[in-house]
Amino acid sequence: QGQLVESGGGLVQAGDSLRLSCAASGRRFSNNAMGWFRQAPGTEREFVAAIGWRGGNILYADSVRGRFTVSRDNAKNTMYLQMNSLKPEDTAVYYCAAARSSVSGADTSQYNYWGRGTQVTVSS
């Protein structure tokens, strides 16, 4: 069984940056697409970014495109999310996930491994 653990969240001010990491253990996910999702209180989990198994096929939500960058290091079994120019509306719990296939996507149903999340809070 594989496990995903997010880290790097915290409390920052608007305009600041954060880098989230998603470390995998128990199995390798180098052949799987991976993604980032987020969920604010009272809302559904929403897609943020995804990356294919070799680092291509990168997708972003419109709300984060140009500010966030997703990347992965298969040698380290780790995925990253660099978040710049953070806004208060980015406040949420951020989850990483591994997909069933090597092709990235924006639908939660495409992912079958999930981390427990890391809180990101952006103050105005």
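Presented here is an overview of the structure given in this document.

Quick notes on the rules
- Residues numbered from 1 in each chain as written.
- Predicted model: local features only at pLDDT ≥ 70, side-chain atom pairs only at ≥ 80, totals over all residues.
- Heavy atoms only, no water.
- Helix = DSSP H or I, 4+ residues; strand = E, 2+ residues; numbered from the N terminus.
- Polar contact = N/O pair within 3.5 Å; in protein donor to acceptor, adjacent residues only side chain to side chain.
- Contact = heavy atoms within 4.5 Å.
- Buried < 20%, exposed > 50% of the residue type's maximum accessible area, 1.4 Å probe, protein only.
- Pairing = 2+ DSSP bridges.
- Axes fitted to C-alpha atoms, helices over the stretch in contact; angles between N-to-C directions.
- Core = buried A, V, L, I, M, F, W, Y, C linked by side-chain atoms within 4.5 Å.
- Phe/Tyr/Trp six-rings, centres within 6.5 Å; stacked < 30°, edge-to-face > 60°.
- Lys NZ or Arg CZ within 6 Å of the ring centre and 35° of its normal.

### Examining the side chain of Asn32
Here comes step 1: Looking at where Asn32 falls in the secondary structure, it is placed in the loop between strand E3 (18-25) and strand E4 (34-39).
Here comes step 2: At 3.1 Å, the side chain of Asn32 and the side chain of Arg27 are in polar contact.
Here comes step 3: For Asn32, the residues in contact, after removing those within four places along its chain, are Arg27, Trp53, Arg72, Ala99, Arg100, Ser101 and Ser102.

### Observations regarding the pairing of strand E5 (residues 46-51)
Here comes step 1: Counted residue by residue, E5 has 5 buried out of 6 residues, so it is predominantly covered.
Here comes step 2: Here 5 bridges tie E4 to E5, and the two strands are oriented antiparallel to one another. In the strand pairing of E5, Trp36 is matched with Ala49.
Here comes step 3: Bridging between E5 and strand E6 (residues 59-60) involves 2 bridges; their strand directions are antiparallel. Of the residues in E6, the one forming a bridge with Ala49 is Tyr60.

### Details of the sheet that holds strand E1 (residues 3-7)
Here comes step 1: The strand order E1-E3-E8-E7 describes an open sheet built from 4 strands, whose pairing is antiparallel. The open sheet has two free edges, formed respectively by E1 and strand E7 (68-73), since each of these has just one partner strand. Shown here is a sheet whose adjacent strand axes are inclined to one another by a mean of 15°, direction ignored.

### Focus: the nonpolar core
Here comes step 1: Of all hydrophobic cores here, the largest spans 35 residues; its most connected members are Leu4, Trp36, Leu81, Met83 and Tyr94.
Here comes step 2: Elements that contribute at least two residues to this core include exactly E3, E4, E5, E7, strand E8 (78-83), strand E9 (92-99), strand E10 (111-114) and strand E11 (118-123).
Here comes step 3: Among the elements that make up this core, the one with the highest residue count is E9 (6 residues).

### Brief notes about unusual backbone geometry
Here comes step 1: Of note, Asn57 is a non-glycine position whose phi angle comes to about 50°, a positive value.
Here comes step 2: Relative to the assigned elements, Asn57 resides in the loop between E5 and E6.
Here comes step 3: The backbone of Asn77 shows a phi angle near 55°, a positive value even though the residue is not glycine.
Here comes step 4: Accessibility expressed as a relative area gives 10% for Asn77, which makes it buried.

### So, the packing of aromatic side chains
Here comes step 1: Under the definition given, this model contains 5 aromatic pairs.
Here comes step 2: Ring plane angle 70° and centroid distance 5.7 Å describe the contact between Phe37 and Phe47, whose orientation is recorded as edge-to-face. Highlighted residues: Phe37 in strand E4 and Phe47 in strand E5, separated in sequence by 10 residues. Summarising the burial analysis for this pair, Phe37 and Phe47 share the class buried.
Here comes step 3: These aromatic residues form a ring-pair network of at least three members: Phe37, Phe47, Tyr111 and Trp114.
Here comes step 4: The ring of Tyr80 carries the charged tip of Arg19 above its face, separated from the ring centre by 4.0 Å.
Here comes step 5: Here the basic side chain of Arg45 rests over the ring of Tyr95, its NZ or CZ set 3.7 Å away from the ring centre.

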